[in-house]
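Topology and contacts: notes
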Amino acid sequence: MVNFGKKLMAHQVEEWKGYYINYKLMKKMLKQYVQQTQHGGKDREQVLKDFSRILDGQIERIVLFLLQQQGHLASRIEELGEKRTVLLEEYDISQVYQLHDAYREVGLDLIKLVRFVDVNATGIRKILKKFDKRFGYKFTDYYVTTRANHPYSQLQQVFKQVGIVAVVGALSRNLEYLQHHEGSFVSIYDRPAVTLKDPIIDQVNHAVQKLTHATNFMQFLGQHSLIVQEDAQSGSEDLVDDQNYHFMSLMLNLVNTFLYMVNTYIIVPTADDYAVSLGAAATVCGVIIGSMAVAQVFSSVYFSAWSNKSYFKPLVFSSIMLFLGNMLYALAYDLNSLIVLLIGRLLCGLGSARAVNRRYISDCVPLKMRLQASAGFVSASALGMACGPALAGFLQIKFKIYSLTFNQSTLPGWVMCIAWFIYLLWLWLTFKEPEHFTKTLVNEQPSESGRQGNSNLEEGLAQPLLLGIEQRQEENSEDNDDTEVASERSHEPATSIASAYRLLTPSVKAQLLIYFMLKYAMEILLSESSVVTTYYFSWSTSVVAIFLAILGLTVLPVNAIVGSYITNLFEDRQILLASEVMVLIGIIMSFRFTPHYSIPQYVISALITFVFAEVLEGVNLSLLSRVMSSRLSRGTYNGGLLSTEAGTLARVVADATITAAGYLGTDLLLNVTLLPSLVICIVSIAATLYTYNNLY
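Residues numbered from 1 in each chain as written. Predicted model: local features only at pLDDT ≥ 70, side-chain atom pairs only at ≥ 80, totals over all residues. Heavy atoms only, no water.

Worth spelling out the cut-off: UniProt positions are given in the numbering used here, feature names are shortened, and annotations may be inferred rather than shown by experiment.
An unreviewed UniProt entry lists the protein under the name SPX domain-containing protein, with Miscanthus lutarioriparius given as the organism. Taken from UniProt, the Sequence similarities (unreviewed entry) comment for the protein reads in full: "Belongs to the major facilitator superfamily."

Following this line, the structure appears as structure tokens:
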């Protein structure tokens, strides 16, 4: 891969040459400062001031030129707007075509300006990173904190400028207006062919989205799945995806996700009663619920590796394991064996194919549909989470067939056993295994598309403006711009847990800690709900099931509000920190401070904790996908696997905590289990504050 300095020179607009960041000079100055500090010529504080002053000058030159070009484009759009107004009164076909071409020229110049911002933003980020690497000092934190939040910030103009967005909006509106009213200027006989939408409009609208980091409900849902979203590339690449796409196979993956979440939570309302019926304490429900997560820690790894070779075989294996696991779970009652019950739950955990489901969406769904598929993955999970407890509430019956007992404890196992058997038949008959060579092409697509995108001006906006896939590859490589070609090994996927761990920066570790915290808090809330509500409020299994179902049903509405409105008003890091604080408030409110523990206190605190943990999850995974190395976006040991492992370990620890706390007595269970949640939440907030400026 060509180093950034050479790439910057190759992609400069010739007439704008003097206005780009002087990356070569900045590297040269950086080397001089290193030598001077080593020989005692300058102290670190003096170096910080000098380098900050030089970088300020570079950014000022970029910003002043940017404002100048924005003004030129705005003036051209205003002049064209006046011509368009005249054309509404005097119909001249030739002038209509000329006006349309003039708007397109403005659009192309606007794309050039956006790429100008893009490459300079990358240069600024890379030189800040180089300074931190060479000096071992958090210069980025200092520089971003002092510049970005200043009322006269020029750094904001580069990374969060608003003026260019206004120009983009004006051009898009005028082009769309002109095309919409073309029918007023020409008849179908003059121009019988149906005019397709001008591609410049799509590119300009795409620029608006990238510049403002705008989002919507579907995108926000897709962030939960941690499936890296690529933008539409060339037609040939999309053709490969279309050939590889099979709708029924996608549906089978989404149904697998739904059934697995139902399987996870259908036993929560009755696990404590099941434990008691087998002669164990009610708090052993923590071990019963958590044993599935224990097995999932290992199954996630081998399923992730298995999906490199096949999708059909892992899904078949998953269905068989879940069929057998649920059968053992149901038979444990008549066998009067807690061991059989736990083995059944372990087998269910070994059948967790969520890594396969994610990988299928990432590899085998066309780019144009991947966002919808990712949102479907999250929606299926949320729906399963709500349906599990709700279904348990309807299974409050008891009967026997021969020697088999069917009651509220065993029916969840039997129902899921039948569901997985039907699913297995459906899978066997309709799933289509993608061809191996086609899947390989799809896996290689991001790097190839990144290289193609750089060679075409009009396709340039298909790359994320401030943090594209290729940019992440450069920034997370060894960052050796002093060599002609970067090491190929530096861009290969991680091949082991150890190599993946070495790629974790403080920002990534902080996000994984946050993910651990929110999953821990949610698992404590859900898993002990039956024991706590029975002890304090004497709730029946049906009431507990309804309560848990209501919690699950809040997921999609909350994400709709956050995804459609909140994320457009605030930065992700602001939402992240605010959500953590609200989760902390919910945890504190959940503690029993007086002998009397009321239903309103429990319900309100549970809603606050659960709802804001869900908000936190979406923002957390969004930030995680942006700060993690590109080497963790593919391969077996990818970011999705790491987040899954972090969340699964959190569930294991939470469920073990519930069982351990049960030995202290049910009256102490609530406060004892909430204490670790409180500590972990405080630590995660501290980690967020520590890495806050790196999330910029």
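A word on the overall build of the protein
Selection rule: In DSSP terms, a helix is any run of H or I states spanning at least four residues, a strand is any run of E spanning at least two, and both are numbered starting from the N terminus. The rule is simple: take the accessible area with a 1.4 Å probe, protein chains only, and divide by the maximum for that residue type; under 20% is buried, over 50% is exposed, in between is partly exposed. Two residues form a contact once any of their heavy atoms are found within 4.5 Å.
Secondary structure assignment for the protein yields 30 helices and two strands. Across the 696 residues in the protein, those meeting the buried criterion constitute 56%. Taking as baseline every contact in the protein between residues at least 6 positions apart, the subset at least 24 positions apart corresponds to 84%.

A look at the packing of aromatic side chains
The geometry of an aromatic ring pair is captured by the separation of the ring centres together with the interplanar angle, meaning the angle of the planes. Our working rule: What counts as a ring pair is set by centres within 6.5 Å for rings of Phe, Tyr and Trp (its six-membered ring), and what kind of pair is set by the plane angle: stacked under 30 degrees, edge-to-face over 60, tilted for all other angles. By the criterion adopted, a ring carries a charge over it if an Arg CZ or a Lys NZ lies within 6 Å of its centre and within 35 degrees of its normal.
In total, this model carries 35 aromatic pairs according to the counting rule given. Between Tyr360 and Phe431, the ring centres sit 6.0 Å apart and the planes meet at 55°, which makes this aromatic pair tilted. Residue Tyr360 is found in helix 17 (residues 354–364), and its partner Phe431 is found in the loop between helix 19 (411–430) and helix 20 (436–454); the two are separated by 71 residues along the sequence. On the accessibility criterion, Phe431 (11% relative accessible area) is buried. Connected via pairs of aromatic rings, a cluster forms that spans Tyr535, Tyr536, Phe537, Trp539, Phe547, Tyr597 and Tyr602. Note that Lys112 overlies the ring of Trp16, its terminal NZ or CZ placed 5.4 Å from the centroid.

Considering the environment of Thr541
We apply this condition: Nitrogen and oxygen atoms within 3.5 Å of one another constitute a polar contact, given that in protein one can donate a hydrogen and the other can accept it, and given that sequence-neighbouring residues count only through two side-chain atoms.
Mapped onto the fold, Thr541 is located in helix 25 (residues 541–553). With relative accessibility at 12%, the residue Thr541 sits in the buried group. As a C-alpha pair, Thr541 and Leu395 span 146 residues in sequence and 9.9 Å in three-dimensional space. Beyond its immediate stretch of four places on either side in the chain, Thr541 contacts Pro269, Thr270, Asp273, Gln396 and Gln408. A polar contact of 3.4 Å, which involves the side chain of Thr541, links it to the side chain of Asp273.

Some thoughts on empty space enclosed by the protein
Applicable threshold: Points on a 1 Å grid over protein atoms alone make up a cavity when a 1.4 Å probe fits among them but cannot get out, and a pocket when they form an open set with protein on both sides within 12 Å along at least five of seven lines; lining residues each have an atom within 4 Å of a point. Grid points are joined across faces, edges and corners, and a volume is the space filled by probe spheres set on the points.
Scanning the entire structure with this criterion turns up four cavities of 30 Å³ or more. Volume-wise, the largest cavity comes out at about 450 Å³. Considering the residues around the largest cavity, the lining is formed by 27 residues, among which Met261, Arg354, Tyr515, Lys519 and Glu617 are closest to the centre. Residue assignment for the lining of the largest cavity shows that the elements contributing at least two residues are helix 12 (247–265), helix 17, helix 18 (367–394), helix 23 (506–527), helix 28 (599–627) and helix 29 (639–662).

Considering the pattern of salt bridges
Filter applied, for reference: Definition used for salt bridges: Asp or Glu carboxyl oxygen within 4 Å of a side-chain nitrogen of Lys or Arg.
Counted according to the given criterion, the structure contains six salt bridges. Where Lys17 meets Glu14, a salt bridge forms, and the shortest distance between an N and an O atom there is 3.9 Å. With relative accessibility at 41%, the residue Lys17 sits in the partly exposed group. Between Arg651 and Glu523 there is a salt bridge; the shortest N-O distance is 3.6 Å. Placement of Arg651 in helix 29 and of Glu523 in helix 23 is noted, with a sequence separation of 128 residues between them. By relative accessible area, Arg651 is classed as buried at 11%. Take Glu523: its relative accessible area is 3%, and that puts it in the buried class. The network of salt bridges with common partners includes Glu15, Arg76, Asp109 and Lys112.

Points about the side chain of Ser529
Counting through the fold element by element, Ser529 comes out in helix 24 (residues 529–537). Given the relative accessible area of 0%, Ser529 is considered buried.

Here's the deal with the state of the cysteines
Defined as follows: Pairs of cysteine sulfur atoms within 2.5 Å are identified as disulfides in what follows.
With the rule as written, the count across this model stands at zero disulfides. The cysteine Cys348 is free of any disulfide, with Cys417 supplying the nearest cysteine sulfur at 9.3 Å. A residue is classified by how much of its surface remains accessible, and Cys348, at 1% relative accessible area, is buried.

Some words on helix 15 (residues 312–335)
As a reminder, the rule being used: Here the expected length of a helix is defined as 1.5 Å per residue gap, with one fewer gap than residues.
Here helix 15 contains 24 residues, and its C-alpha end-to-end distance of 34 Å stays within 8% of the 34 Å for a straight helix at 1.5 Å per residue. Two residues or fewer past helix 15, Asn336 is found with a positive phi of approximately 50°.

Let's talk about the environment of Thr609
Within the secondary structure, Thr609 is located in helix 28. According to the relative accessible area criterion, Thr609 is buried, its value standing at 4%. Spatially, the C-alpha atom of Thr609 lies 4.7 Å from that of Gly586, the residues being 23 residues apart in sequence. Beyond its immediate stretch of four places on either side in the chain, Thr609 contacts Ala521, Val583, Gly586, Ile587 and Ser590.

A closer look at the confidence of the model for the protein
Condition: pLDDT is a residue-level measure of predictor confidence that goes from 0 to 100.
Of the residues in the protein, 77% have a pLDDT of 70 or more, and the chain-wide mean is 79. Mean pLDDT per element in the protein: helix 20 is the minimum at 41, and helix 19 is the maximum at 96. Taken together, the stretch residues 183–196 has pLDDT below 50 and engages in 15 contacts with residues farther than four places along the chain or on a different chain.

Considering unusual backbone geometry
Phi angles above zero are rare outside glycine, and Asn336 is one such case at about 50°. Mapping Asn336 onto the fold places it in the loop between helix 15 and helix 16 (338–350). You will see that Tyr402, though not glycine, has its phi angle at about 60°, which is positive. By the secondary structure assignment, Tyr402 is in the loop between strand 1 (399–401) and strand 2 (404–406).

Observations concerning the packing of helix 12 against helix 15
To be explicit about the condition: Axis geometry follows a simple rule: fit a line to the C-alpha atoms, using only the stretch in contact for helices, then measure angles between N-to-C directions, giving values from 0 to 180 degrees. For classification purposes, an angle smaller than 35 degrees is called roughly parallel, one larger than 145 roughly antiparallel, one from 65 to 115 roughly perpendicular, and anything else oblique. Crossings are classed by handedness, with left-handed meaning an anticlockwise turn of the near helix from the far one by less than a right angle and right-handed meaning a clockwise turn. Amino acids outside the nonpolar list (Ala, Val, Leu, Ile, Met, Phe, Trp, Tyr, Cys, Pro) and the charged list (Asp, Glu, Lys, Arg) are all regarded as polar, and Gly is one of them.
Packing of helix 12 against helix 15 leaves a shortest axis separation of 12 Å and a crossing angle of 25°. When the axes of helix 12 and helix 15 are compared, the pair comes out roughly parallel. Crossing of helix 12 against helix 15: the hand is left-handed. On the side of helix 12, the interface is formed by Asn253, Asn256, Tyr260 and Asn263, while helix 15 contributes Leu315, Ser318, Leu322 and Asn326. When grouped by side-chain class, the residues that make up the contact of helix 12 with helix 15 number three nonpolar, five polar and no charged.

Observations regarding the packing of helix 23 against helix 30 (residues 666–690)
Relative to each other, helix 23 and helix 30 sit at 155°, their axes nearing to 9 Å. Between helix 23 and helix 30, the crossing angle belongs to the class labelled roughly antiparallel. Helix 23 and helix 30 meet at a crossing whose hand is left-handed. The segment helix 23 lies against helix 30, with Ala510, Leu513, Ile514, Phe516, Met517, Tyr520, Ala521 and Ile524 engaging Thr673, Leu674, Pro676, Ser677, Ile680, Cys681, Val683, Ser684, Ala687 and Thr688.

Concerning the environment of Asp273
Looking at the element boundaries, Asp273 is found in helix 13 (residues 271–277). C-alpha of Asp273 to C-alpha of Ser530: the two residues are 257 residues apart in sequence and 9.1 Å apart in space. The residues touching Asp273, leaving out its near neighbours within four places in the chain, are Gln408, Ser409 and Thr541.

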